[in-house]
Number of protein chains: 2
Amino acid sequence: MDIYFITSNKGKLNEVRQLLGIEIKSRSVELDEIQGIRAETVAADKAKRAYAIVKKPVLVEDTALYINALNGFPGALIKFMEMTVGYDGTCRMLRGYKDKRATAESCIVFYDGKDLKSFSGRVHGTISDRTRGTDGFGFDCLFIPDSSKKTFAEMGTEEKNRISHRRKAVLKLKRYLASRR
Amino acid sequence: MDIYFITSNKGKLNEVRQLLGIEIKSRSVELDEIQGIRAETVAADKAKRAYAIVKKPVLVEDTALYINALNGFPGALIKFMEMTVGYDGTCRMLRGYKDKRATAESCIVFYDGKDLKSFSGRVHGTISDRTRGTDGFGFDCLFIPDSSKKTFAEMGTEEKNRISHRRKAVLKLKRYLASRR
């Protein structure tokens, strides 16, 4: 079965390929995203619209960062914070808060025109006082998972992939794909 | 010409009706919104999708709050900040910043299946240290326009409507509609 991972983000594609361990194709499709805090809402909508174009089974991943002190904001809107506030600015914004806890989520949605399945992986952690590290992508530079003292961006890919939110989501997807064979 | 103002927000509808001074119908249509910082992006997309359902000339309004210290964030995503951080939380979030300046924008998009026109009104001001006032709606309780010391929510409707971002947008729309007759 050909599956198309719909993304223009090479970092995501590489991580998902490494973690999944089976061959998937990729395709970059220009699609607007609906507004939402939850990664699943955004990914499910996008998967349906991607399928309408690609007409083959698709995978769409969306990532969210839920910050406790902000009652879960920005969630899946983190990409817009990156574009405006920036990650240094995000750390700065949280300096006035004692509670630095946050949850990173990766939600992968599979859709083949009939079955729509969501696989979510979550990791709890804290927001760093300042950005640190140069590996990874997105909010890796400010997120310190509870099992480490390093940000994701201070780990190599291998170390990150052993504990990441994306790993958890991909493993669920992998079990599902195996069960369909 | 029948024009339908697409909204489920009565506060917006009342303000636009008062300011416009001509009869418009209203209709609430459940539509997802695409993600975007700019009010115009969100409103234009929504107007096209509303027209596809209503099949009559439509008006869609979107509101944004661009906060200087956050490089324009959250813009049109302010509604998601309301749902999570809340307005008290937004004031709290900005306490650590000296620069409290922000711009309120109302963007009204008209679409009749052929002409797509945007009318934007902007007011500069500052974010209050705490929410104040009970009039108005949305971010009125934290936005102090430069021409006043009160938040929009501390003014009556009449006073707000004399200076608001929405007034400016509606007056542009009014001129356009008059020119079409």
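Draft legend 1. Structural context of the overall build of chain A. For chain A, the helix and strand inventory stands at six helices and seven strands. Computed over its C-alpha atoms, the radius of gyration of chain A comes to 16 Å, within 12% of the 16 Å expected for a compact globule of 181 residues. With the C-alpha coordinates aligned to their principal axes, the bounding extent of chain A is approximately 50 × 30 × 20 Å. Within chain A, contacts between residues separated by at least 24 positions form 55% of all contacts whose residues are at least 6 apart in sequence.

Draft legend 2. Expanded view of the interface of chain A and chain B. With 19 residues of chain A in contact, the opposing surface of chain B contributes 19 residues. Of all elements in the fold, only helix 3 (78-83) and helix 4 (86-93) of chain A reach the threshold of two or more residues within the side of chain A that touches chain B. Residue classes in the side of chain A that touches chain B are distributed as nine nonpolar, six polar and four charged.

Draft legend 3. Expanded view of the environment of B:Ile127. Residue and element names in this part refer to chain B. Within the secondary structure layout, isoleucine 127 lies in strand 6 (residues 116-127). Taking the C-alpha atoms as reference, isoleucine 127 lies 12 Å from glycine 89; in sequence the two are 38 residues apart. Look past the residues within four positions of isoleucine 127 in its chain and what remains in contact with it is Ile67, Cys91, Leu94, Lys100, Ala102, Leu142 and Phe143.

Draft legend 4. The relation of the copies chain A and chain B, seen in detail. Overlay of chain A on chain B (RMSD 0.0 Å): rotation 180°, translation along the axis 0.0 Å. The transformation just described matches what one would write down for a two-fold rotation axis. Here 100% of the contact residues of chain A are again contact residues in chain B; the copies associate through an equivalent surface.

Draft legend 5. Representation of helix 2 (residues 39-54) of chain A. All names here are of chain A. Its 16 residues give helix 2 an end-to-end C-alpha distance of 22 Å, which sits within 8% of 22 Å, the value for a rise of 1.5 Å per residue. Within helix 2 the residues assigned to the buried category are Ala39, Thr41, Val42, Ala43, Ala44, Asp45, Lys46, Ala47, Ala50 and Tyr51. Next to the buried residues of helix 2 lie strand 1 (4-6), strand 3 (58-67), strand 5 (101-111) and strand 6 (116-127). Phi turns positive one or two residues past the end of helix 2, at lysine 55, with a value near 60°.

Draft legend 6. Representation of the pairing of strand 6 of chain A in the model. Residue and element names in this part refer to chain A. Across eleven bridges, the pairing between strand 5 and strand 6 is antiparallel. If you follow serine 106 over to strand 6, its bridge partner there is glycine 121. Between strand 5 and strand 6, which pair antiparallel one after the other, the connecting turn spans four residues, and glycine 113 there sits at a positive phi close to 90°. Examined bridge by bridge, strand 6 and strand 7 (residues 143-145) share three bridges and lie antiparallel to one another. Bridge assignment links threonine 126 to a residue of strand 7, and that residue is isoleucine 144.

Draft legend 7. Representation of the packing of helix 1 (residues 10-20) of chain A against helix 6 (residues 165-180) of chain A. Residues and elements named next belong to chain A. Here helix 1 crosses helix 6 at 50°, and the two axes come no closer than 9 Å. Classed by the angle they form, the pair helix 1 and helix 6 counts as oblique. Handedness of the crossing formed by helix 1 with helix 6: right-handed. Between helix 1 and helix 6, the contacting residues are Glu15, Val16, Leu19 and Leu20 on the first element and Arg166, Arg167, Val170, Leu173 and Lys174 on the second. Of the residues that constitute the contact of helix 1 with helix 6, the class distribution is five nonpolar, no polar and four charged.

Draft legend 8. Structural view of unusual backbone geometry. All names here are of chain A. Residues phenylalanine 73 and proline 74 are joined by a peptide bond in cis, for which omega reads -5°. Note that proline 74 resides in strand 4 (residues 74-75). Unlike most non-glycine residues, lysine 55 shows phi in positive territory, near 60°. Counting through the fold element by element, lysine 55 comes out in the loop between helix 2 and strand 3.

Draft legend 9. Representation of the confidence of the model for chain A. Across chain A, the average pLDDT comes to 94, with 100% of residues at or above 70. Of the two predicted TM-score estimates for the complex, the pTM is 0.90 and the ipTM is 0.84.

Draft legend 10. A look at the pairing of strand 5 of chain A. Residues and elements named next belong to chain A. Counting buried residues along strand 5, nine of its eleven residues qualify, which places the element largely inside the surrounding structure. Sheet topology note: the strand 3/strand 5 ladder contains ten bridges and is antiparallel. In the sheet register, aspartate 62 faces strand 5, and the bridge partner there is cysteine 107.

Draft legend 11. Highlighting the environment of A:Lys172. All names here are of chain A. With respect to the element layout, lysine 172 can be found in helix 6. Residues lysine 172 and isoleucine 144, 28 residues apart in the sequence, show an inter-C-alpha distance of 23 Å. In this view, lysine 172 contacts Phe119 and Gly121; residues no more than four positions away in its chain are not counted.

Draft legend 12. Quick look at helix 1 (residues 10-20) of chain B. All names here are of chain B. All buried positions along helix 1 are accounted for by Lys12, Glu15 and Val16. Considered in projection along helix 1, the buried side chains sweep an arc of 95° and stay on one side of the axis. Elements in contact with the buried residues of helix 1: strand 1 (4-6), strand 3 (58-67), helix 5 (157-163) and helix 6 (165-180). Immediately beyond the C-terminal end of helix 1, within one or two residues, lies glycine 21, with a positive phi of roughly 70°.

Draft legend 13. A look at the environment of A:Leu20. Locating A:Leu20 in the fold gives a position in helix 1. Linking A:Leu20 and A:Arg175, residues 155 residues apart in sequence, is a C-alpha distance of 9.8 Å.

Scoring rules and cut-offs
Residues numbered from 1 in each chain as written. Chains lettered and ligands numbered in written order. Predicted model: local features only at pLDDT ≥ 70, side-chain atom pairs only at ≥ 80, totals over all residues. Helix = DSSP H or I, 4+ residues; strand = E, 2+ residues; numbered from the N terminus. Rg over C-alpha atoms; globule rule 2.2 N^0.38 Å. Contact = placed C-beta atoms within 7 Å. Nonpolar A, V, L, I, M, F, W, Y, C, P; charged D, E, K, R; others polar. Least-squares fit on C-alpha atoms with pLDDT ≥ 70 in both. Expected span 1.5 Å × (residues − 1). Buried ≥ 20, exposed ≤ 12 C-beta atoms within 10 Å, placed from the backbone. Pairing = 2+ DSSP bridges. Axes fitted to C-alpha atoms, helices over the stretch in contact; angles between N-to-C directions. Parallel < 35°, antiparallel > 145°, perpendicular 65-115°, else oblique. Left-handed = near helix turned anticlockwise from the far one by under 90°. pLDDT = per-residue confidence, 0-100. Arc of directions from axis to C-beta.

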